[in-house]
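# Structural overview
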Amino acid sequence: MTAQDWLLFLVYSVVLVALALPLARLIEAVVSGRFALGRQLEAPLLRLAGVDPEREQGWLGYALGLLAFNGLGVLVVYALQRLQGALPLNPQGMPGVAPDLAFNTAISFVTNTNWQSYGGETTMSYLTQMLAFTVQNFLSAASGIAVAMALVRGFVRHSTRTIGNVWVDLTRIVLWILLPLSLVFALVLVGQGVIQNLSPYRTVHTLQAQQSWRRVVAAEHSGKTARPPRSTPVRTQTLAMGPVASQEAIKMLGTNGGGFFNTNSAHPFENPTALSNFMQMIAIILIPAALVFAFGRMVGDRRQAWAVFAAMFALFAVFAVAAMTFEQQGNPLLTRLGVDQVAGPLQGGGNMEGKEVRFGSGASALFATLTTAASNGAVDSMHDSYTPLGGAVPLTLIDLGEVVFGGVGSGLYGMLLFAIMAVFIAGLMIGRTPEYLGKKIEVFEMKMLAIGILITPLLVLLGTAAAVMSPDGRAAVFNPGAHGFSEILYAFSSAANNNGSAFAGLSTNTPFYNILLGIAMWLGRFGVIVPVLAVAGSLAAKKRLAATDGTLPTHGPLFVVLLIGVVLLVGLLNYVPALVLGPLAEHFTAMAH
C-alpha cells in the first residue's frame, strides 16, 4: 500500500465513526418511539392505514406481516416491469421485461440484494426505476432495520411475548431515518455532478468528430483544398439521462447497490468525482455502523456496542488492507513481463484493468471491500478484473455472511447471531449455561441460530454445484477453468447473502440463472429473518438474569477475539474447499506460468 492508500483508509475510518455516533442517537430515539415530533406527524398516516401504534405483535405475527409486505412488493415490482411498455415516463419506449428477468429483478430489489441481470439504461423505463426500484430500496432497507431492532428488543425486554409492531417500525424507519438522509445525500450528489432529470436520451457530437471536421473547415477558410478525413469518425453519441441522484442516495445508504446505469458507480453520471466516490463509500457503511452504536444505547451498555464494533472493524481493516495491497502489486503476469502498469502519479499504479483512472487501484479496492463487507453490491470497478487474491477478498467477505458491518439491519442481527454462538461455545468450554446480555441461551435459540447461519452456505454451495453440473449453467461461463468457477461461486454467494455485486464474466440473463438466483435471494433473505425473529420472541419472553462471577464478560478484548474466531471458523469454514478451487487455484496457476 502507498502512503496515499494508508491516508485514505485512516481518514475514512475517522469520518465513519464521527458520523455514525450521532446518527445512532437519532436511530435509537426513532425506533424507541421517543422522537416526539415524528410521533405527531406519523399518527395520521397510521390511522389512515388502520394501524394502532400501541398494539404490538409477537414474533410470529411480526414475521408474517413482514413476509406479506415483502411478498406484495414482489408482485408490484414484477407487474410494473411487465407493463412498462404501456406506462408513462418511458421516453425511450422500453418494452415490457421478459417474465424470468422480471421475476429475478422483483425478488432482487425486494430482498435488498439488487442483483442486476440487465443494463438499466437499455432495459428499464424511468417509471420502473423510480416507482419500482427506488421505492423498494427504501422498503427493503427498512425491513432489515426493523428485524434488527426487533432482535434488540428481545434482549431488552423480559417476561413479554411482544417484540414491537412491524407496521409502526417500517413507517418510522422510512419517514425519520431513510428519507431525510437520502434527501440530503441526493442534493449533495447533485452538487457533485450526479444527474437528476426526466429528459429523453441526448445525442451529442463527440470531441473526436468535432476536432476532425474543424481541421477541414479551417483548411477551407485558408484557401487550401479541403479534404475530408479518410474515414469519417463517429460524429454522435447517445447519452442516457434519468433521475439518477434520487436512486443513488438510497442505493448507498440502504446498502441496496442497484445502479441506474449498467456500469453502476463506475459511470460518471452516477459517481463523477473522487469526492463523490468517498462520500458513497461512507454512505455504504454509515447506517450499519450507527445501528451497532444504537444497539448499545438500547441495551443500556455501550461497551457491548464497542465490542461488536471492534470485531467488525478489525475484520474489515484486515480485508481492506489485503485487497488494497493485492491490487497495488498489479497483475503478476504483466509484472513478470516488465509491463509498466502505472496509470498516473495520483493513482500509484497497480492493477488498473477494469478500474477508473479518477479513482485508482487503492480507492477502488477499498470500495470493493466496503461494498461486500456490507450487503451493498454497488461497484466502482470491475471485480472480474481483479487479481486472483484481490478478487478473493470481496468473495470471502460475502461468504462470511456479510456481518463485517453488513447490510442495514442484516449486519447487526447477523453478528448478534454469531455473538450468541460465541457465548454458547464459551459456556460449553467452562460447563455453564451460556448467557448473553442477561438472557439464557437454550435449545430453541440454538436451533434457530443453526438454521439462520447454515441456510446461506447451503444455498451457495448447492446452487453452485447445480450450475456447474448443468449444461445451462456451464453455457453461461465465458472464462474457462478456475476463474469461471469463481464467477459461478461469486454469483450464488452474492445472491444468497443479499449482496448483488458480480464478477460479471457470467451471462446470467437466462431462464436458468434468473430463476435459480431468484430463489436463492428469497430464501437467503427470509430464511435468516424468520429464525432471527423467532429468537427475538423467545428472548423477550425470558426473565433477565443478574450477572454473577461466572458470567462471561461480553464487552472486553477476550470476547472480541472469541467473536472474531467464531465468525471466521463458523462463517468461512464451509466455503474453504470452494475457495481453493476458485481464486486460490487461479492465483497459483498464474504464479506458475
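In the block above lies the structure referred to throughout.
No experiment lies behind these values; they were computed from the predicted model shown.

Here is what the cut-offs are and how they apply
Residues numbered from 1 in each chain as written. Predicted model: local features only at pLDDT ≥ 70, side-chain atom pairs only at ≥ 80, totals over all residues. Heavy atoms only, no water. Helix = DSSP H or I, 4+ residues; strand = E, 2+ residues; numbered from the N terminus. Buried < 20%, exposed > 50% of the residue type's maximum accessible area, 1.4 Å probe, protein only. Polar contact = N/O pair within 3.5 Å; in protein donor to acceptor, adjacent residues only side chain to side chain. Contact = heavy atoms within 4.5 Å. Patch = residues over 30% accessible without salt bridge, like charges linked within 9 Å, V, L, I, M, F, W, Y side chains within 5 Å. Areas by Shrake-Rupley, 256 points an atom, 1.4 Å probe, with all protein chains shown as cover. Salt bridge = Lys/Arg side-chain N within 4 Å of Asp/Glu carboxyl O. Expected span 1.5 Å × (residues − 1). Axes fitted to C-alpha atoms, helices over the stretch in contact; angles between N-to-C directions. Parallel < 35°, antiparallel > 145°, perpendicular 65-115°, else oblique. Left-handed = near helix turned anticlockwise from the far one by under 90°. Nonpolar A, V, L, I, M, F, W, Y, C, P; charged D, E, K, R; others polar. Phe/Tyr/Trp six-rings, centres within 6.5 Å; stacked < 30°, edge-to-face > 60°. 1 Å grid on protein atoms, 1.4 Å probe; cavity = no way out; pocket = protein on both sides within 12 Å on 5 of 7 lines; lining within 4 Å. Points joined across faces, edges and corners; volume = space filled by probe spheres on them.

By the element assignment, Gln-328 lies in helix H11 (residues 302–329). Overall, Gln-328 belongs to the buried group, its relative accessible area being 13%. Sequence separation of Gln-328 and Asn-351 is 23 residues, and the distance between their C-alpha atoms is 6.2 Å. In terms of polar contacts, Gln-328 uses its side chain to reach the side chain of Ser-361, at 3.2 Å.

Here we take up the environment of Met-279. For Met-279, the location among the structural elements is in helix H10 (residues 274–299). As a C-alpha pair, Met-279 and Val-152 span 127 residues in sequence and 29 Å in three-dimensional space. Not counting residues up to four positions away in its chain, the partners in contact with Met-279 are Phe-185, Val-188 and Gln-192.

On to a nonpolar patch on the surface, then. A contiguous nonpolar patch, built from Leu-573, Val-576, Val-580, Leu-584 and Phe-588 and spanning about 440 Å² of accessible area, is present on the exposed surface. Secondary-structure assignment places Phe-588 in helix H21 (residues 576–592).

For helix H20 (residues 557–572), which comprises 16 residues, the first-to-last C-alpha distance of 22 Å matches the rise-based estimate of 22 Å (1.5 Å per residue) to within 8%. Among all positions of H20, only Phe-559, Val-560, Leu-563, Ile-564, Val-566, Val-567, Gly-571 and Leu-572 are buried.

Here we come to the packing of helix H1 (residues 3–31) against H10. In contact at an axis separation of 6 Å, H1 and H10 are set at 50° when each is read in the N-to-C sense. Considered as vectors, H1 and H10 are oriented oblique to each other. For the pair H1 and H10, the sense of crossing is right-handed. When grouped by side-chain class, the residues that make up the contact of H1 with H10 number 24 nonpolar, no polar and three charged.

What characterises a pair of aromatic rings is the spacing of the ring centres plus the angle enclosed by the ring planes. Throughout the structure, instances matching the rule amount to 24 aromatic pairs. Taking the centre distance of 6.2 Å and the plane angle of 35° together, the rings of Phe-9 and Phe-313 count as tilted. Of the two residues, Phe-9 sits in helix H1 while Phe-313 sits in helix H11, which places them 304 residues apart along the sequence. Note on Phe-9: relative accessible area 9%, which makes it buried. Here a set of aromatic residues connected by ring pairs shows up, and it is made of Phe-9, Tyr-12, Phe-278, Phe-293, Trp-306, Phe-309, Phe-313, Phe-316 and Phe-405.

With respect to the element layout, Thr-387 can be found in the loop between helix H13 (360–373) and helix H14 (388–399). With a relative accessible area of 8%, Thr-387 lands in the buried category. Among the polar contacts made by the side chain of Thr-387, one reaches the side chain of Glu-327 at a distance of 2.8 Å. Look past the residues within four positions of Thr-387 in its chain and what remains in contact with it is Phe-326, Glu-327, Gly-330, Asn-331 and Asn-351.

Turning next to the layout of surface pockets. Gaps left between atoms show up when a probe the size of a water molecule is rolled over them. Its volume calculated, the largest pocket comes out at about 630 Å³. For the largest pocket, the lining is made up of 29 residues, of which Gln-116, Asn-262, Met-382, Ala-502 and Ala-504 are closest to its centre. Per-class residue counts for the lining of the largest pocket are 12 nonpolar, 13 polar and four charged.

This part covers empty space enclosed by the protein. One pass over the structure, following the stated rule, counts three cavities of 30 Å³ or more. A volume near 300 Å³ is recorded for the largest cavity. Contributing to the lining of the largest cavity are 27 residues, with Gly-401, Gly-452, Thr-456, Asn-497 and Val-528 lying nearest its centre. For the lining of the largest cavity, the secondary-structure elements that each account for two or more residues are helix H15 (410–430), helix H16 (443–469), helix H19 (511–540) and H20. With six residues, H15 is the single largest residue contributor to the lining of the largest cavity. Looking at side-chain class alone, the lining of the largest cavity contains 11 nonpolar, 13 polar and three charged residues. In this structure, the second largest cavity spans a volume of roughly 100 Å³.

Such coordinate-based values are descriptive only and should not be taken to indicate function.
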